[in-house]
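# Analysis of the macromolecular model
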Amino acid sequence: MADPEKVHAVRVGWGLVIHGGVGVLPPEQLTPAVDGAYRDALTESLSRGFETLSGGGSATDGVVEAIKVMEDSPLFNVGRGSNLTSDGLVSMDASIMEGGTLSAGAVAGVRDVRHPIRLARHVMDDCPHVLLAGEGAEAFAREMGMASHEPDFFFTQRRWDDLQAAKAREAQGEAKPNTVDAGDEEIRDRAGTVGAVALDREGLLVAGTSTGGSANKKWGRIGDSPIVAAGTYAGSHCGVSCTGWGEYFIRHAVAHDIQARMAYLGVTLKEATEQVVLGTLEDHRAGLGGVVAMDRQGYVEMCFNTRGMYRGWVDEVGRVRVAIF
Ligand code: ASP
């Protein structure tokens with residue numbers, strides 16, 4: 001069996017691929033214990049997704065269940081453990097899309113929902129719109145019977161410390177929003193988004209993404225994760241979930257560009273993801289990030305232009321693999 005760290009493309013048949021974000025911790029913080037905790041959390045997410053799919057759940061169910069596990073883990077920048085805005089609160093974004101029907105649902109700037117991906121699914125299934133934001137999205141959550149949680153529920157000391165560090169860099173004029181002059185340190189402020197793409201036995205392909213967005217964000221900033229075609233897409237050829245510097249993923253409509261290259265140029269999933277992540281995005285130095293993607297034949301791609309990306313996949317016989325670098 002190949003070393004999972006070196007596998008970037010694999011055929012899983014029906015199954016699931018996930019990411020827990022780019023911007024992995026620096027080596028001094030990624031101790032063996034922390035490294036193991038990330039791998040355990042990814043494994044739990046994949047196992048939940050596989051149980052759902054093998055138990056007869058749809059790809060949509062698989063994506064939601066896998067992402068919920070990561071939304072509950074404080075390790076990832078999503079749900080509990082989300083990055084904090086400049087006012088010290090969470091503001092979470094999520095989206096989900098089904099290939100074939102092109103059904104989609106998304107929420108942006110929600111502050112009190114434990115599982116934003118579930119709320120995005122409600123938008124897709126139970127409302128005529130695609131994207132709901134802020135208080136309106138929270139009111140819709142109540143109508144869907146989803147509980148409201150206090151800010152303390154989402155708070156973690158780690159993200160508070162990250163916020164203070166981001167504010168200190170900003171005060172020293174070191175923060176470089178929207179410039180092309182960024183490095184791995186900059187991407188760390190917007191790391192830990194989670195996502196999943198699944199293909200079920202019926203051939204339904206679904207992609208979903210959920211995030212706390214960037215640390216110290218202001219003015220109601222929304223990244224790519226809830227934007228269908230930017231952070232998430234599922235279409236006739238593939239499903240894609242993105243992580244990285246959201247502003248660049250929006251500008252380049254990254255998730256849809258991968259699908260469009262397959263559809264219009266006739267290239268493979270591997271070629272399409274590499275053209276976008278290692279080509280288009282790398283040509284803009286701040287376009288740091290990565291994607292997980294899956295096509296109709298059950299080929300999985302995990303492609304990133306950063307030092308690492310928390311990620312993993314499970315195949316149709318339940319074999320789970322996780323990797324970071
Ligand atoms: N893309 C997300 C955003 O910009 C952050 C991430 O992927 O870590 O909000």
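Residues numbered from 1 in each chain as written. Predicted model: local features only at pLDDT ≥ 70, side-chain atom pairs only at ≥ 80, totals over all residues. Heavy atoms only, no water.

Check the secondary structure of the protein and you find 10 helices and 13 strands. For 325 residues, the compact-globule formula gives about 20 Å, and the C-alpha radius of gyration of the protein, at 18 Å, lands near that figure. Relative to its 325 residues, the protein shows a buried fraction of 59%. Counting only contacts in the protein whose residues sit at least 6 apart along the sequence, the fraction spanning at least 24 positions is 71%. Computing the positive centroid from 31 side-chain charges and the negative centroid from 44, the protein places the two 2 Å apart. (Helix = DSSP H or I, 4+ residues; strand = E, 2+ residues; numbered from the N terminus. Rg over C-alpha atoms; globule rule 2.2 N^0.38 Å. Buried < 20%, exposed > 50% of the residue type's maximum accessible area, 1.4 Å probe, protein only. Contact = heavy atoms within 4.5 Å. Lys, Arg positive; Asp, Glu negative; His and termini not counted. Charge placed at Lys NZ, Arg CZ, Asp CG, Glu CD.)

Among the nonpolar cores identified, the biggest contains 50 residues, and L16, I18, F76, I96, L119 and Y310 are the most heavily contacted of them. In terms of nonpolar packing, the next biggest core, distinct from the first, is built from 39 residues, A255, L269, V276 and M309 among them. (Core = buried A, V, L, I, M, F, W, Y, C linked by side-chain atoms within 4.5 Å.)

Counted by the stated rule, this structure contains 16 salt bridges. E5 is the partner of R39 in a salt bridge, and the nearest nitrogen-oxygen pair spans 2.8 Å. Residue R39 is found in helix α1 (residues 32-54), and its partner E5 is found in the segment before β1 (9-11); the two are separated by 34 residues along the sequence. Residue class for R39 comes out partly exposed when judged on its relative accessible area of 22%. The network of salt bridges with shared partners includes E5, D35 and R39. (Salt bridge = Lys/Arg side-chain N within 4 Å of Asp/Glu carboxyl O.)

We now examine helix α2 (residues 59-72). Compared with the 20 Å implied by 1.5 Å per residue over 14 residues, the 20 Å span of α2 between its first and last C-alpha is a close match. Taken across its 14 residues, α2 has 12 buried, putting it largely inside the fold. The set of residues buried in α2 consists of A59, T60, G62, V63, V64, E65, A66, I67, K68, V69, M70 and E71. Contacts from the buried residues of α2 go to β2 (15-22), α1, β3 (92-98), α3 (116-126), β6 (194-199) and β7 (205-211). (Expected span 1.5 Å × (residues − 1).)

With that settled, the discussion passes to unusual backbone geometry. The phi angle at W219 is positive, at roughly 55°, despite the residue not being glycine. Phi angles above zero are rare outside glycine, and A253 is one such case at about 40°. Looking at the secondary structure, you find A253 in the loop between α8 (246-251) and α9 (254-265). A253 gets classed as partly exposed once you look at its relative accessible area, which sits at 29%.

Let us now look at the packing of α2 against α3. Remark: α2 packs on α3, axes separated minimally by 8 Å, with the N-to-C direction vectors making an angle of 150°. One element, α2, and the other, α3, form an angle in the roughly antiparallel class. Counted together, T60, D61, V64, I67, K68 and E71 of α2 and P116, I117, R118, R121 and M124 of α3 form the full contact between these two elements. Partitioned by chemical class, the residues of the contact of α2 with α3 number five nonpolar, one polar and five charged. (Axes fitted to C-alpha atoms, helices over the stretch in contact; angles between N-to-C directions. Parallel < 35°, antiparallel > 145°, perpendicular 65-115°, else oblique. Nonpolar A, V, L, I, M, F, W, Y, C, P; charged D, E, K, R; others polar.)

What follows deals with the sheet that holds strand β9 (residues 238-244). The strand order β1-β11-β10-β9-β8 describes an open sheet built from five strands, whose pairing is antiparallel. A single partner strand is all that each edge strand has here, and the edge strands are β1 and β8 (232-234). Recorded for the sheet is a direction-independent mean angle of 10° between the axes of neighbouring strands. Sheet contacts for α9: β8, β9 and β10 (289-295); angle to β9, the most-contacted strand, approximately 145°. The strands that helix α10 (residues 269-280) touches are β9, β10 and β11 (299-304); relative to β11, the one it contacts most, it runs at about 15°. (Pairing = 2+ DSSP bridges.)

Right, let's talk about the environment of E28 for a bit. Along the chain, E28 falls in the loop between β2 and α1. Sequence spacing of E28 and E316 is 288 residues, and the spatial spacing of their C-alpha atoms is 36 Å.

Among the secondary structure elements, N305 is positioned in the loop between β11 and β12 (309-314). Dropping the residues within four chain positions of it, N305 is found in contact with V277, L278, L281, E282, G287, L288 and G289. Looking at N305, its side chain comes within polar contact range of the main-chain oxygen of G287, at 3.0 Å. Of the polar contacts made by the side chain of N305, one reaches the backbone nitrogen of G289; its length is 2.8 Å. (Polar contact = N/O pair within 3.5 Å; in protein donor to acceptor, adjacent residues only side chain to side chain.)

Moving on: helix α4 (residues 134-143). Every buried residue belonging to α4 is among G134, A137, E138, F140 and A141, and all of these are buried. An end-on view of α4 places all buried positions within 155° of arc, on one side of the element. With respect to the buried face of α4, the exposed residues turned more than 90 degrees away are E135 and E143. Of the surrounding secondary structure, the elements contacted by the buried residues of α4 are β4 (104-110), α3 and β5 (131-133). (Arc of directions from axis to C-beta.)

So, on to the packing of aromatic side chains. One pass over the structure, following the stated rule, counts six aromatic pairs. Aromatic side chains F153 and F154 sit 5.0 Å apart centroid to centroid with 85° between the ring planes, which places their arrangement in the edge-to-face category. Both residues of the pair, F153 and F154, count as buried. Among the aromatic side chains, those forming a connected cluster through ring pairs are Y38, F76 and Y310. Against the face of Y299 rests R11, its NZ or CZ located 5.8 Å from the ring centre. The positively charged end of R80 is found above the aromatic ring belonging to F153, 4.1 Å away from the centroid. (Phe/Tyr/Trp six-rings, centres within 6.5 Å; stacked < 30°, edge-to-face > 60°. Lys NZ or Arg CZ within 6 Å of the ring centre and 35° of its normal.)

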